[in-house]
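# Report on the structure
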Amino acid sequence: MKNIYTKTLSTLLLILLFSTSYGQSLLEGEVRNDENAPIEGVNIFIKGTTNSSTSDVNGKFSIQAKALPFTIIVQYAGFNTKEIKITELPSNAKPLQINISTGEEKVLSEVVVTSRRRIEKAQDIPIAISVVTGKQAEQAGAFNVNRLKELVPSVQLYSSNPRNTGINIRGLGSPFGLTNDGIDPGVGFYVDGVYFSRPAATTLDFIDVDRIEVLRGPQGSLFGKNTTSGAFNITSRKPSFTSGADFEVSYGNYQFIQAKASVTGALSSKIAGRISFSGTQRDGLIENVVTGRATNTLNNQGIRGQLLYTPSDRTNILFAADITLQRPDGYAQVVAGVAPTKRAAYRQFNAIITDLNYQLPSLNAFDRKIDHDTPWRSGQDLGGASLNIDTKIGSGTLTSTTAWRFWNWDPSNDRDFTGLQVLALSQNPARHTQFTQEVRYAGQLSTSLSGVVGLFFIDQEVKVRGNEESGKAQWRFAQSTTSALWRTPGLFEGYGIRTNSNVRSTSAAVFTQLDWAISEKLHLLPGLRYNYDKKAADYDRKTYGGLQTTDPALLALKRLVYTDQSFTSSTDDTDFSGNLTVNYKVSDKINAYATYAKSYKPVGVNVAGLPTIAGQPALDLAVIKPESVNHYEFGIKSSPIKNSVLNLTFFNTEIKDFQTNVQAAELGVNRGYLANADKVRVKGIELDASFILNKHFSFNAAGTYSDGKYVTFTNAPLPLEETGAAVSFKDVSGTDLPGVSKWAGSLGGEYTKNAKFFGSIGKFFIALDSFARSEFSSSPSASKYLVVPGYAIFNGRLGFRVADGLSAHIWGRNLFNKDYYEQLLPAGGNSGHYAAVLGDQRTYGVTLKYSL
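Residues numbered from 1 in each chain as written. Predicted model: local features only at pLDDT ≥ 70, side-chain atom pairs only at ≥ 80, totals over all residues. Heavy atoms only, no water.

### Some remarks on the overall build of the chain
Secondary structure assignment for the chain yields 6 helices and 53 strands. Computed over its C-alpha atoms, the radius of gyration of the chain comes to 28 Å, within 12% of the 29 Å expected for a compact globule of 852 residues. Out of the 852 residues belonging to the chain, those deemed buried represent 58%. Of the contacts formed within the chain by residues at least 6 apart in sequence, a portion of 70% connects residues at least 24 apart. Approximately 32,900 Å² of the chain is accessible, and the part contributed by carbon and sulfur atoms is 57%. In the chain, 86 side chains carry a positive charge and 76 a negative one; their mean positions are 2 Å apart. (Helix = DSSP H or I, 4+ residues; strand = E, 2+ residues; numbered from the N terminus. Rg over C-alpha atoms; globule rule 2.2 N^0.38 Å. Buried < 20%, exposed > 50% of the residue type's maximum accessible area, 1.4 Å probe, protein only. Contact = heavy atoms within 4.5 Å. Areas by Shrake-Rupley, 256 points an atom, 1.4 Å probe, with all protein chains shown as cover. Lys, Arg positive; Asp, Glu negative; His and termini not counted. Charge placed at Lys NZ, Arg CZ, Asp CG, Glu CD.)

Written out as structure tokens, the structure is:
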């Protein structure tokens, strides 16, 4: 607990450097409605620049001005958009007051996005997109992607630990289960234009976020890195020449404490800075009955610094650096059940633990008790630096984004999930580094043609230095014959493997997306991408320890558990992909579009061990074929009644040579391996709806129906209950894809009322959010034992918020204390028992925020 306070204090001392104030040309004013009441959350932009601001609860805003005259754009929910020419800066005697009113647009969500590399309204772009503002995420307690999925039900995130994290959109993106460093994710994750290639980044806390845009479907012609399933485009709050600061602290049960701080201001007439901090700690939610301590704690600290240099009103140069540390005692999984397998009776889990005189601490996973003998550790460091240059050239903007990032992973796991010394060690520390460079030009190319054209390059390397080691109970779990030699004292104790693996990946691309206005209502949008990918892998695994013997029979038994394995592989590939969208604005209330996209996911390599044939690695599995994606989508964005939004999207995605994860029965294949399923398909319908009933009540809803199938997958791994059958693979064609619920949705509402709190004028609010999903398979091959039942959770909050001064609210998550699984997974070696990643029980607390 002292750690977070020390870091917070150090951060606050640092941000005092920003307290120097410099005179700036600021445009200040306030926005009101027809009833002369202030409006919070209005977007104000200076036309032709990247400068923007948002009005506070008193309707006030300030924004850095450019040389007079200039034009501002004023946009807000359900109101007509205004353009106002400013010929002189307002004074105290003559303040700028802007009145906006409802009109013919009647568009609720005037949220501005930059996904297409220009400022535009989300309702105007022909892309299925969900937008969550930083304020909405904070109020909902969505401080990382795992919680954000409760607001955007098309997003799925599964994490048995940060490294083994998969993030999917519409059920596609990453193989379900264990992560393999040899393939690329299908969902892009961008922060301020910088691509984060490791899915572990999604487990860390957001730092000072302004806006989160979730784009669904292939996005290869808009973003540097090709993404077959969608992208997260996260924008953090930028430095401002107007001094400001936010300080926030939250307290909750299980000793939860979260502190945030952000300070911004001018360092000179052309340089502004912002420094932001976030720290989260919480006691564990699962009891280890052996140590007497709770595990699965939270312990995250992150800091981000930014410097903005504006040499002219046409050029912005932004340097940013960040580092986040995570040191939890966490990610332990609890045994959730035992499946009978096809193995002999003596190889069933219950027979094994009976012979070892062992009993699980509980047969109910929701007792939240473990007795693991190997410590759980999930330490990771993630950080980097970037330089972004935006300069206006002609009627467009030339952008250069240069970035270097790293990720260090330091784990310890108990992969047998018991208090037995089956696996005494299971840890594969890794270091990842990446360099990216993107250059793009976006803007109006002619009176009827606009778009973006860009170049992208990434070079990344992953180095893994791992250990897995057997304990004294390994012999019984590994025993595959009735030979008495298995009982040889010390045969497997200390017997393990040391693994060294390297993956080097290089990718380069040219991409473009155009928008041709055939008429005012009809637009044609072609996109094209050319990509080159190269991957090289080295894998080397050596056995060590155990009983030192020359007895051939004993050596043969040891080789049944672990063997030496070494291989290298190298592959490269090129690909053309593209998309075509027809966009027709039926009226001011209805915007329709249809899209066809041909996309791909690059070639992959296996770097976590291969299954063996006659004792030799199956080298034909070392290289994984690229995915080939055909995607169709039809969407309608509408405002059927005043102050409402109703968006519908119909989609169908087919993938040939789908890259999927296979969990091998061999312990030596210690991270599973990758294979290609011949063909999969996901089709479905999505709904996004919002409605402002009056000045007090607002509602939102989102839902998705997804039908994900293996169309053809004849060489799938056996499900858990069929382990030990006479065959090694199974035809699962026609069965459900893992991780995909048929139904998922969210529903929420908020009541607000103007009020006073400690003399400050602001808003009282009370809100309730809910998230639900139906059952889904939690295994690459459907197993009746690894089906996660459907569940629904409810979150609530009430309090008072102001723009400047003290805000406070109380909150609760999983209010009805619902017991639910987030994921089920078999133990290493497939002995029949399986474990669960548990959803959090009920948590509650209070948040205090002070802004100035």
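Here the narrative resumes.
### A closer look at the sheet that holds strand 1 (residues 26–32)
Read across the open sheet, the 3 strands follow the order 4-1-7; overall the sheet is mixed. The sheet is open, and its two borders are formed by strand 4 (60–64) and strand 7 (96–99), each paired with just one other strand. The sheet shows a mean angle of 35° between the axes of neighbouring strands, taken without regard to direction. Where strand 1 meets strand 7, 4 bridges bridge the pair, whose relative direction is parallel. Residue G29 lies in a different strand from strand 7, and its bridge partner there is L96. (Pairing = 2+ DSSP bridges. Axes fitted to C-alpha atoms, helices over the stretch in contact; angles between N-to-C directions.)

### Section: the environment of S229
Structurally, S229 is set in the loop between strand 15 (209–216) and strand 16 (230–236). For S229, a relative accessible area of 5% puts it in the buried group. For S229 and V453, which are 224 residues apart along the polypeptide, the C-alpha to C-alpha distance reads 21 Å. When neighbours within four sequence positions are excluded, S229 is seen to be in contact with I169, L172, G173, G186, V187, L215, R216, G217 and P218. Within polar-contact distance, the side chain of S229 engages the backbone nitrogen of G173 at 3.3 Å. (Polar contact = N/O pair within 3.5 Å; in protein donor to acceptor, adjacent residues only side chain to side chain.)

### Re a nonpolar patch on the surface
A cluster of nonpolar residues, Y251, F758, F764, I766, L798, L806, I810, V846, L848, Y850 and L852, forms a patch on the protein surface that exposes about 990 Å² of accessible area. Sorting the residues of the nonpolar patch by element identifies strand 46 (760–773), strand 50 (805–813) and strand 53 (843–851) as the ones contributing at least two each. At 3 residues, the largest contribution of residues to the nonpolar patch is made by strand 53. If you trace the backbone, L848 turns up in strand 53. (Patch = residues over 30% accessible without salt bridge, like charges linked within 9 Å, V, L, I, M, F, W, Y side chains within 5 Å. Salt bridge = Lys/Arg side-chain N within 4 Å of Asp/Glu carboxyl O.)

### Some thoughts on the nonpolar core
In terms of nonpolar packing, the biggest core is built from 34 residues, with Y821 and L824 touching the most fellow members. Of all the elements in the fold, those that place two or more residues in this core are strand 24 (334–338), helix 4 (349–355), strand 51 (821–826) and strand 52 (833–838). Tallying contributions element by element places strand 52 first for this core, with 5 residues. Beyond its immediate chain neighbours, meaning those up to four positions away, Y821 contacts A336, A365, F366, V788, P789, Y791, A836, V837 and L838. Counting residues in each nonpolar core, the second largest holds 31 residues, with A200, A430, V462 and V464 among its members. (Core = buried A, V, L, I, M, F, W, Y, C linked by side-chain atoms within 4.5 Å.)

### Brief notes about helix 6 (residues 552–561)
Where helix 6 is concerned, the buried positions are L554, L557, K558 and V561. Looking down the long axis of helix 6, one finds its buried residues gathered within 100° of arc, a one-sided arrangement. Looking at helix 6, the residues exposed on the side facing more than 90 degrees away from the buried face are P552, R559 and L560. Among the structural elements, strand 30 (449–470) and helix 5 (474–478) are those in contact with the buried residues of helix 6. (Arc of directions from axis to C-beta.)

### Here we look at the packing of aromatic side chains
What the rule picks out here adds up to 23 aromatic pairs. These aromatic residues form a ring-pair network of at least three members: F189, F196 and F232. Lying across the ring of Y544, R498 places its NZ or CZ 3.9 Å from the centre. It is R801 that lies over the ring of F765; its NZ or CZ is 4.6 Å from the centre. (Phe/Tyr/Trp six-rings, centres within 6.5 Å; stacked < 30°, edge-to-face > 60°. Lys NZ or Arg CZ within 6 Å of the ring centre and 35° of its normal.)

### Side note on the environment of S312
Mapped onto the elements, S312 comes out in strand 22 (residues 298–312). Spatially, the C-alpha atom of S312 lies 9.2 Å from that of T391, the residues being 79 residues apart in sequence.

### Focus: the sheet that holds strand 25 (residues 369–370)
Here we have 3 strands laid out as an open sheet, ordered 21-20-25, and mixed in their pairing. Of all the strands in the sheet, the pair left with one neighbour each is strand 21 (293–295) and strand 25. Relative to strand 21, strand 20 (residues 286–288) runs antiparallel, the two sharing 3 bridges. From the neighbouring strand, E287 faces strand 21, where its bridge partner is A294.

### Overview of the side chain of Q219
Relative to the helices and strands, Q219 resides in the loop between strand 15 and strand 16. Setting aside anything within four residues of it in sequence, one finds Q219 in contact with I127, T227, G230 and A231.

### Some details on unusual backbone geometry
Despite not being glycine, N296 shows a phi value in the positive range, around 65°. Within the secondary structure layout, N296 lies in the loop between strand 21 and strand 22. Owing to a relative accessible area of 15%, N296 belongs among the buried residues under this scheme.

### Structural notes on the pairing of strand 30
Where strand 28 (residues 423–427) lies against strand 30, 4 bridges are found, and the strand directions are antiparallel. Across the sheet, residue L425 finds its bridge partner in strand 30, namely E469. Sheet topology note: the strand 29 (residues 430–444)/strand 30 ladder contains 15 bridges and is antiparallel. When the bridges of strand 30 are listed, Q434 appears paired with Q460. Hairpin connection between strand 29 and strand 30: a loop of 4 residues separates the two successive antiparallel strands. Examined bridge by bridge, strand 30 and strand 31 (residues 496–517) share 21 bridges and lie antiparallel to one another. Pairing of V464 across the sheet is with S501, part of strand 31.

### With respect to the pattern of salt bridges
Considering all chains together, one arrives at 37 salt bridges under this definition. Here E438 and R440 are joined by a salt bridge, their closest N and O atoms 3.2 Å apart. Take E438: its relative accessible area is 2%, and that puts it in the buried class. You can call R440 buried: its relative accessible area is 10%. Two residues, K709 and D736, come together in a salt bridge whose shortest N-O distance is 2.8 Å. Of this pair, K709 sits in strand 42 (residues 697–712) while D736 sits in the loop between strand 44 (729–730) and strand 45 (743–757), and the two are 27 residues apart along the sequence. Given a relative accessible area of 21%, K709 falls into the partly exposed group. Three or more residues joined by partner-sharing salt bridges are found here, namely R170, R216, E633, E686 and D688.

### Some words on the pairing of strand 10 (residues 129–133)
Counting buried positions along strand 10 yields 4 of 5 residues, so the element is predominantly enclosed. The sheet contact formed by strand 10 and strand 15 spans 5 bridges and is antiparallel. Bridging across to strand 15, I129 finds its partner in L215.

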